[in-house]
Each structure stands twice: as structure tokens, then as C-alpha cells.
Number of protein chains: 2
Amino acid sequence: MKQRLAAIGTVEALPHRVAAFLSREIESGELNPGTRLPTEQQLSEKFGVSRNVVREAIAQLRADGMIEARQGVGVFVLAPEQRASIRIDGEALKATGNMERLFELRCILEAESAALAAERRGQEHLDAIKAALDRMSGEERWEEGSIDADLLFHREIARATGNNYIHTFISFVCEQIRRSIHYARLTNPLHDLVEVNVGEHVRIYEALVAGDPTAAEAAMRAHIVGAAERVGVKLPASRAAHSTGR
Amino acid sequence: MKQRLAAIGTVEALPHRVAAFLSREIESGELNPGTRLPTEQQLSEKFGVSRNVVREAIAQLRADGMIEARQGVGVFVLAPEQRASIRIDGEALKATGNMERLFELRCILEAESAALAAERRGQEHLDAIKAALDRMSGEERWEEGSIDADLLFHREIARATGNNYIHTFISFVCEQIRRSIHYARLTNPLHDLVEVNVGEHVRIYEALVAGDPTAAEAAMRAHIVGAAERVGVKLPASRAAHSTGR
DNA sequence: TTATACATATCATCCTACAACTGCGCCGGA
DNA sequence: TCCGGCGCAGTTGTAGGATGATATGTATAA
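Residues numbered from 1 in each chain as written. Chains lettered and ligands numbered in written order. Predicted model: local features only at pLDDT ≥ 70, side-chain atom pairs only at ≥ 80, totals over all residues. Heavy atoms only, no water.

Along the backbone of chain A there are 11 helices and three strands. Counting from the amino terminus, chain A carries its helices and strands in the arrangement α-α-α-β-β-β-α-α-α-α-α-α-α-α. Out of the 246 residues in chain A, the part that is buried amounts to 52%. Summarising the internal contacts of chain A: among those between residues at least 6 apart in sequence, 69% fall at separations of at least 24. (Helix = DSSP H or I, 4+ residues; strand = E, 2+ residues; numbered from the N terminus. Buried < 20%, exposed > 50% of the residue type's maximum accessible area, 1.4 Å probe, protein only. Contact = heavy atoms within 4.5 Å.)

Looking now at the protein's contact with DNA strand D. With respect to spatial proximity, 25 residues lie near DNA strand D, and among them A:Leu14, A:Ser50, A:Arg51, B:Arg51 and B:Arg55 are the closest. Counted by atom, the contact set of DNA strand D within 4 Å of the protein is 63% sugar and phosphate. Among the elements of the structure, α1 (14–27) and α3 (51–63) of chain A together with α3 (51–63), β1 (67–70) and β2 (74–77) of chain B are those that each provide at least two residues to the surface near DNA strand D. When the residues that make up the surface near DNA strand D are grouped by side-chain class, the tally is nine nonpolar, nine polar and seven charged. (Near = heavy atom within 4 Å. Nonpolar A, V, L, I, M, F, W, Y, C, P; charged D, E, K, R; others polar.)

Turning next to the pattern of salt bridges. Counted under the stated rule, the structure contains 22 salt bridges over all chains. Residue A:Glu156 is joined to A:Arg159 by a salt bridge in which the shortest nitrogen-to-oxygen separation is 2.9 Å. Of this pair, A:Glu156 and A:Arg159 are both found in helix α7 (residues 144–160), three residues apart, which corresponds to roughly one turn of the helix. For A:Glu156, a relative accessible area of 14% translates into the label buried. What emerges from the salt-bridge pattern is a single network uniting A:Glu56, B:Glu40, B:Arg51 and B:Arg55. (Salt bridge = Lys/Arg side-chain N within 4 Å of Asp/Glu carboxyl O.)

The next subject is helix α10 (residues 213–230) of chain A. All names here are of chain A. With 18 residues, α10 should reach 26 Å at 1.5 Å per residue; the first-to-last C-alpha distance of 25 Å fits that figure. The buried count for α10 comes to 13 of 18 residues, which makes it a mostly enclosed element. You can read the cap of α10 off the contacts: a side-chain oxygen lies 3.1 Å from the backbone nitrogen of Thr-214, and it is on Asp-212. A positive backbone phi angle near 85° is found at Gly-232, which sits one or two residues after α10. (Expected span 1.5 Å × (residues − 1). Polar contact = N/O pair within 3.5 Å; in protein donor to acceptor, adjacent residues only side chain to side chain.)

As a further point, take the confidence of the model for chain A. Note: predicted coordinates in regions of low pLDDT should not be interpreted at a detailed level. Residue and element names in this part refer to chain A. Per-residue confidence for chain A averages 80 on the pLDDT scale, and 76% of its residues sit at or above 70. Of all helices and strands in chain A, the one with the weakest mean pLDDT is helix α11 (residues 237–240) (48), whereas strand β2 (residues 74–77) scores best (92). In this model, residues 239–246 is a region of pLDDT below 50 whose contacts with residues beyond four sequence positions or in other chains number 31 contacts. (pLDDT = per-residue confidence, 0-100.)

What follows deals with the protein's contact with DNA strand C. In the region of DNA strand C, 23 residues are neighbours, and A:Arg55, A:Gly72, B:Leu14, B:Ser50 and B:Val53 sit closest. Near-protein atoms of DNA strand C (within 4 Å) split between backbone and bases, with sugar and phosphate holding 75%. A:Glu40 has a polar backbone atom sitting 3.2 Å from a phosphate oxygen of DNA strand C. A distance of 3.3 Å separates a base nitrogen of DNA strand C from a polar atom in the side chain of B:Gln71. Listing elements by their share of the surface near DNA strand C, those giving two or more residues are α3, β1 (67–70) and β2 of chain A together with α1 (14–27) and α3 of chain B. If you tally residues by element for the surface near DNA strand C, the top one is α3(B), at three residues. The residue makeup of the surface near DNA strand C, split by class, is nine nonpolar, eight polar and six charged.

On to the environment of A:Arg230, then. Residue and element names in this part refer to chain A. Relative to the helices and strands, Arg-230 resides in helix α10. Residue Arg-230 is classed as buried on the basis of its relative accessible area of 11%. As a C-alpha pair, Arg-230 and Arg-24 span 206 residues in sequence and 36 Å in three-dimensional space.

Once that is clear, we can look at the pairing of β2(B). All names here are of chain B. Of the two faces of β2, the one lined by Gly-74 and Phe-76 and the one lined by Val-75 and Val-77 are each fully buried. As judged from the four bridges shared by β1 and β2, these two strands associate in the antiparallel manner. Looking at the pairing, Glu-68 lines up with Phe-76 of β2. The turn joining β1 and β2, which pair antiparallel and follow one another in sequence, is formed by three residues; a positive phi near 80° is taken by Gly-72. (Pairing = 2+ DSSP bridges.)

Attention now moves to the environment of B:Thr35. All names here are of chain B. The residue Thr-35 is located in the loop between α1 and α2 (40–47) in this model. Considered as a pair, Thr-35 and His-167 are 132 residues apart in the sequence and their alpha carbons are 36 Å apart. Here Asn-32 takes part through its backbone oxygen, which lies 2.6 Å from a polar atom of the side chain of Thr-35.

The next point concerns the environment of B:Ala222. Secondary-structure assignment places B:Ala222 in helix α9 (residues 213–230). B:Ala222 gets classed as partly exposed once you look at its relative accessible area, which sits at 48%.

Now for the packing of aromatic side chains. All names here are of chain A. Per the counting criterion, the structure on display carries five aromatic pairs over all chains. Where Phe-21 meets Phe-47, the ring centres are 5.1 Å apart and the plane angle is 75°; that geometry is what we call edge-to-face. Highlighted residues: Phe-21 in helix α1 and Phe-47 in helix α2 (residues 40–47), separated in sequence by 26 residues. Judged on exposure class, the residue Phe-21 and its partner Phe-47 are both buried. (Phe/Tyr/Trp six-rings, centres within 6.5 Å; stacked < 30°, edge-to-face > 60°.)

Here it is as C-alpha cells:
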């Protein structure tokens, strides 16, 4: 039985499509943990691809810890708790495509990140943050380079928390933001208020230098609300104004 | 030029070993972002394996967003910030201090999540949360089933925020937590204080029913600090006590 | 009944060949 | 000299067969 893999116009690689198909089947619960997948032979016939392609697809799923292959026996679906690694990919988030929600998450993460950074930052962190700030200020308009510098500024703050998980998460969110910005530019003209943007960053930086968690958090919240508005997103007020004083 | 892959006693699959080798080279900075990897042919000769094995290794790295393959050109190293996915593997949790950092991240996400959920939850959300709570209470000891119910409780709260990004992130962290619990159980005996744990959850639930964001956030922070302590992790006090009153 | 040997199924690896794509240089014409 | 088309070499992508390694079930013999 041959089965067409979503015949989109895209030239996406075959292994990726097979992996995505199996992945959906597993996530949706059609294939319960513990069940055995069809053999490589059967899968290659089912999808109309070579076994080689199937093997690469399985390699991807196995790298994600979603399945386990036992030589001479078969390939089995793993339960979430016995997975060796976990992954979030950008595609999963793009589906909702809701910039407002993305900024909301960003606000949560970065506000706390700023507060933690204010308490824990060392001189080297301040230097790195300052360097990013300077790069940002040098730009005339809000171009690609200044977006880079902007996001670097935020990543450096995350790094200053000393918590690698926070750093990883914020880096990830920043990349999503970058893509959203690209998209937003196409739909509605951005207000290139460079000086406003830089001013907000300066206030965050000053709070970090002062080692004042409360001020850093407040400045960060204000900045993200502002940044959201500049790309045409309005955050719910209740959360935006949340816990600025503790 | 043949090169021996770390000849550990383990019978780990060849593709995994190749992927690990390349991964280390990239992480350590020996291969800068933008540089081209040797061709599949060269790699297969270098490692003394077939090209097929090399391809599977590359497939894994590509799934991690670490490299990018362009047909007819070559395979290139991607910069960390342009990776399309984030991944954390279980081994990393065993490093000292990682669990503490993980709980710190969890505290940030879940505290805000609880506050948002208190504002936005509908009746269906409350029902789902209550169902998880009941399942948890039914258990005598802190067994696998109650851990499932516990994490489900938290995921349902995340879902009640109506923000899919938050839900995805918290689900991700929850899986890490599950694993850290498994690991903690092996090293030090857990205090099976079921009633304490359930009590903390009840207080969160009540705050959600009441629609009180402040109380929900406080209850969640108290719970996570308590949960961390029960697996032998002490969160920094400054953050644990943060902004419980706003 | 039990234990050993065999047959089978399946994944793991290797191999060769070809297709698809890219970049670059060669070559002919204006 | 300049320029554009065209083919060639190199690289990844896909196909398919062959063989080795390993686990599982089965049949046979003691």
C-alpha cells in the first residue's frame, strides 16, 4: 500500500517528511508507547521511499528520544518519561502564529531574567551587555544589524543570570521574535523609533549596573510592552503592569 | 586517514558516535559557524565507516538544528542563535546545580502561569485541573501514577492561560522535572509527603477557582519551593520569596 | 520435560549506482 | 574585450541489494 506524503510544493527532504508523519502519529496517540512500528521494509513500501530514507527518519526520531530501535526485534515507541532527550522546534510554535502570546511569554521570562541578572551579574557580563548596547546605539535606523544587537543585548542579560536553562529558553524566544519582526515588517510599517528603543535599553542597563533587581524588572517590562507596541501588538495591561514593586 | 572513534567498551551505534564526535567539535568551537564540514565521502573515510552511517549522523545533527545541508554544495555549521529548535538531554540534569537551575526556571514560568490562569480560566479548565488533582489525591504513595497526575495538573494550568507558547514551554520543563525526580529517587530517598504535596496543590486550585491571581502565584511559588526541597534542591531565597504581594 | 540446535525476522552496516542540484570555468560569438 | 550559454566536476539526495549481528520462536532429540 503506497501512501502519498503530503505533496506540498515544497522541496522538503523525504526523510524529514517521513519523520514528521511518524512523529504526528506518535504525538497524536495513534501509536501508543510500547507499540512496535512497522519494519523498515514495510515503511519504505508504505511511503514509497527507499529503506535508506526510512532509516534516516528513524534516526531523527531516535535522536529526539521518541522511539527506540532494538536490533533483531524492531522499533518501539517510548513513553514520554523514558525519553533520553526533549526538543521543541520552531515549527510547533509557528502554527499558532500569535505574536501577542509570544511577547507575553517573552515578558515573563525576561522580566525575571533581568531581576536575576541584576543580582548576579559580574563585570564581564556588564561589559558584554554594554558592548551590545553600543552597537545598537550606533545604528541610524532599525535595520538588520541593530536587531542583531538588540537581541544580543537580551541574550547577554540572560547569560548573566548564570542559569543556562534561562539562557537557552530566552535565546530561543529571541529567534522566534526575530522571525516575527521580519514578518511584521512586511505587513505593517514599523515605527522606527530608534531613540525610544535605545532609551529603554539604557534604563535596563543602568538598573543592572546599580544591581537593583526591582528597577531592572520594571525597566524590562516597560521595554517589552513598548517593543510589542512598536510591532503592533498590545499586551494585556494586567500582566504588563504586574509586580513592578515588591 | 583513519581515526578511531572513542573506543569505549559500550556498543553504541556507529552513527551516534560519529554525531557525538562532530557535535563536540562544533560545541567546542573547533568548527566555527559558517564553515563547511568535510564531504560525506571524506568523513566516511576519516571515521572508517560507510557513507550511510555518516548520513545518519548528519541527519541527527540537522534535526538538532546544529548544521544545515545544502544539496550540491555541502554541509555547514549553523550559529547557535539561528537554530530552529532547542534540546536538552537527560544527561545534563545529572550535573550538579542543573536541577536547581531547572527549578528556578520552572518557578518563573509556573508562577506567572498560575496568575494568568487565575484570570483567564474557564469552567472546562477548572474541571480538567480538578480531575488531575483528584487522581493525585487518590494515590497512597508518591508513585509513578501520582507523578503523572502531578505534572498533568501543572500542564492543565498552563493550558488554562490560553497561551500555547506557555503551555509548550511548561510541558517541556515538566518532562525535565519528571526525569530529575527519577534521578533524585536513585540518589537520595524522597520524603513521600503525599499529604503535604496534595495540600499545596489544593491551595493553588482554590486560588484558581477564586480567580485570585496574587494568591495563585503565591501558592504556586510556595509549592515549587517545597517540591524542590523534597527532591533535595534548595532555591535561592531571594527569588523564592519574590513578589508574592503586588 | 528439558535443552540444544536451527530457522526466521529484524535492525545495522556496507556497497554501488544514479538522480538532482550547484558552482565554476571553458568556449564561442558579438 | 566582453558576455552569455553550456557543459563538467563535485556534492548531497535517493534507490536498492547484500551481508553481518542479534533476538525470538520452533522443532527435534535426549
